[in-house]
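# Geometric and topological summary
In case you want the letters, here they are:
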Amino acid sequence: MKLATFIYGGEELVGIVADQVIPLRDYSSMEDLIRKGLPDDIPEERIPADEVKFLSPIPRPAHDVICLGMNFADHTTEAARFHPTMVRENYAVYFSKRVNLAVPDKGIVDSHENVTQKVDYEAEVAVIIGKDAYQVAAKDAQEYVFGYTLLNDISAREVQTRHKQFYLGKSLDGFTPIGPWIVTADEFAFPPMIPVRSYVNGELRQNGNTSQWIYGIEDVIEDLSAGMTLEAGTIISMGTPAGVGMGFDPPKFLKKGDVVICEADGIGTLTNTIG
């Protein structure tokens, strides 16, 4: 099932996306829907999809997005070539992204030319936590997964490396496109084996599969929840395969007007223009 947040009649709503959009008016937000669960009876109201404006499925995350760095072996190699400090040793690399407002599918990503000249893309599958998770064993992790979406982990590379950590370089306003919707976990096997790709101006740049994650969802939920509560609605972005801009020689950073498409089978496409 595809679940989206959208504007209709001047009102922000959540609903089911099928041939048409089915508004679920009893919920105040996507987080509210995640916490309460889907209704037993689907409403009869239908809205043509071309009459709504889709937002990011979780436009204003309650917490920073949790991200994994270098969770694909091939991306670990290209990252280390770009800057020697960007290495993964024997543990997962975690960082977070501040997201005041997630950019939706077809939204514009501000290039922040006053701050960076090295804007990069990273196509990632993100996991949405379905219920509060604390001290969850890996064997039970599947029970805490609500669904999946696409996230483009936009990065200002020279800011990222200059500060010796990832937070600032990945948290500029508009640097987190998420969408186009959440696909519920029951649509996929667990652990998921989802092909994920990215294109820049039609050129295939990344082509990986979530089966290549070094640390899987079960590892990550067990690791994180050992000492912190992952509240329902938490977004965990699971890392990107090789082929990002910094991985080329010379690097292929983004410029104004570039169109980036992130794509994952079974989820959809997330298309954004650099502005």
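This text follows the structure it describes.
My aim in this report is to walk through the structure given alongside it, one point at a time.

Now for the packing of aromatic side chains. Applying the stated rule across the entire model yields 4 aromatic pairs. Ring centres of Phe-6 and Phe-54 lie 6.4 Å apart, and the angle between their planes is 65°; this geometry places the pair in the edge-to-face category. On the criterion of sequence distance, the pair formed by Phe-6 in strand β1 (residues 2–8) and Phe-54 in strand β4 (residues 53–54) is long-range, its members being 48 residues apart. On the basis of relative accessibility, which here comes to 0%, the residue Phe-6 falls in the buried class. Given a relative accessible area of 25%, Phe-54 falls into the partly exposed group.

Inspection of the sheet shows strand β13 (residues 195–200) paired to strand β14 (residues 203–209) by 6 bridges, in the antiparallel sense. Counterpart to Val-196 in the pairing with β14 is Gly-208. The turn joining β13 and β14, which pair antiparallel and follow one another in sequence, is formed by 2 residues; a positive phi near 50° is taken by Asn-201.

Within the element layout of this structure, Leu-150 appears in strand β10 (residues 145–152). Judged by relative accessible area, which is 0%, Leu-150 ranks as buried. When the C-alpha atoms of Leu-150 and Ala-232 are compared, they prove to be 18 Å apart, with 82 residues separating the residues in sequence. For Leu-150, the contacting residues outside a window of four places in its chain are Glu-124, Pro-177, Ile-178, Gly-179, Val-196, Cys-262, Glu-263, Ala-264, Ile-267, Gly-268, Thr-269 and Leu-270.

This part is about the sheet that holds β14. The strand order across the open sheet formed by 5 strands is β7-β17-β16-β13-β14, and the pairing between neighbours is mixed. Each edge of the open sheet is held by one strand with a lone partner, namely β7 (108–109) and β14.

With that out of the way, let us pick up the environment of Pro-39. Looking at the secondary structure, you find Pro-39 in the loop between α1 (30–36) and β4. Residue Pro-39 is classed as partly exposed on the basis of its relative accessible area of 24%. Counting along the chain gives 200 residues from Pro-39 to Gly-239, while the straight-line C-alpha distance between them is 32 Å. Beyond its immediate sequence surroundings of up to four residues, Pro-39 is in contact with Leu-24 and Tyr-27.

Okay, the nonpolar core next. Within the largest apolar cluster, 50 residues are counted, with the highest numbers of intra-cluster contacts made by Val-125, Tyr-148, Ile-217, Ile-236, Met-238 and Ile-267. Contributing elements (two or more residues each) for this core: β5 (65–69), β9 (123–129), β10, β12 (178–184), β13, α5 (217–225), β16 (259–264) and β17 (268–274). Once you skip the residues sitting within four places of it in the chain, Val-125 turns out to touch Tyr-148, Thr-149, Ile-194, Val-196, Thr-210, Trp-213, Ile-236, Ser-237, Met-238, Ala-264 and Ile-267. Membership of the second largest hydrophobic core comes to 26 residues, among which are Ile-22, Ile-34, Cys-67 and Ala-126.

Moving on: a nonpolar patch on the surface. On the surface, Met-1, Leu-38 and Ile-42 cluster together into a nonpolar patch covering about 210 Å² of accessible area. As for its position among the elements, Leu-38 is in the loop between α1 and β4. Since its relative accessible area comes to 33%, Leu-38 is described here as partly exposed.

This part is about unusual backbone geometry. Between Phe-190 and Pro-191 the backbone carries a cis peptide bond, its omega angle lying at -5°. Mapping Pro-191 onto the fold places it in the loop between β12 and β13. The peptide bond linking Asp-249 to Pro-250 adopts the cis configuration, its omega dihedral lying at 0°. Here Pro-250 shows up in the loop between β15 (235–237) and β16.

Looking now at the state of the cysteines. One pass over the full model with this rule turns up 0 disulfides. With no disulfide partner, Cys-67 has as its closest neighbouring cysteine sulfur the one in Cys-262, 13 Å distant. A residue is classified by how much of its surface remains accessible, and Cys-67, at 0% relative accessible area, is buried.

With respect to the element layout, Thr-234 can be found in the loop between α5 and β15. Owing to a relative accessible area of 8%, Thr-234 belongs among the buried residues under this scheme. Within the structure, the side chain of Thr-234 is placed 2.6 Å from the backbone oxygen of Glu-231, a separation counted as a polar contact. When neighbours within four sequence positions are excluded, Thr-234 is seen to be in contact with Ile-66, Val-127, Ile-128 and Ile-129.

Criteria and cut-off values
Residues numbered from 1 in each chain as written. Predicted model: local features only at pLDDT ≥ 70, side-chain atom pairs only at ≥ 80, totals over all residues. Heavy atoms only, no water. Phe/Tyr/Trp six-rings, centres within 6.5 Å; stacked < 30°, edge-to-face > 60°. Helix = DSSP H or I, 4+ residues; strand = E, 2+ residues; numbered from the N terminus. Buried < 20%, exposed > 50% of the residue type's maximum accessible area, 1.4 Å probe, protein only. Pairing = 2+ DSSP bridges. Contact = heavy atoms within 4.5 Å. Core = buried A, V, L, I, M, F, W, Y, C linked by side-chain atoms within 4.5 Å. Patch = residues over 30% accessible without salt bridge, like charges linked within 9 Å, V, L, I, M, F, W, Y side chains within 5 Å. Areas by Shrake-Rupley, 256 points an atom, 1.4 Å probe, with all protein chains shown as cover. Salt bridge = Lys/Arg side-chain N within 4 Å of Asp/Glu carboxyl O. Disulfide = S-S within 2.5 Å. Polar contact = N/O pair within 3.5 Å; in protein donor to acceptor, adjacent residues only side chain to side chain.

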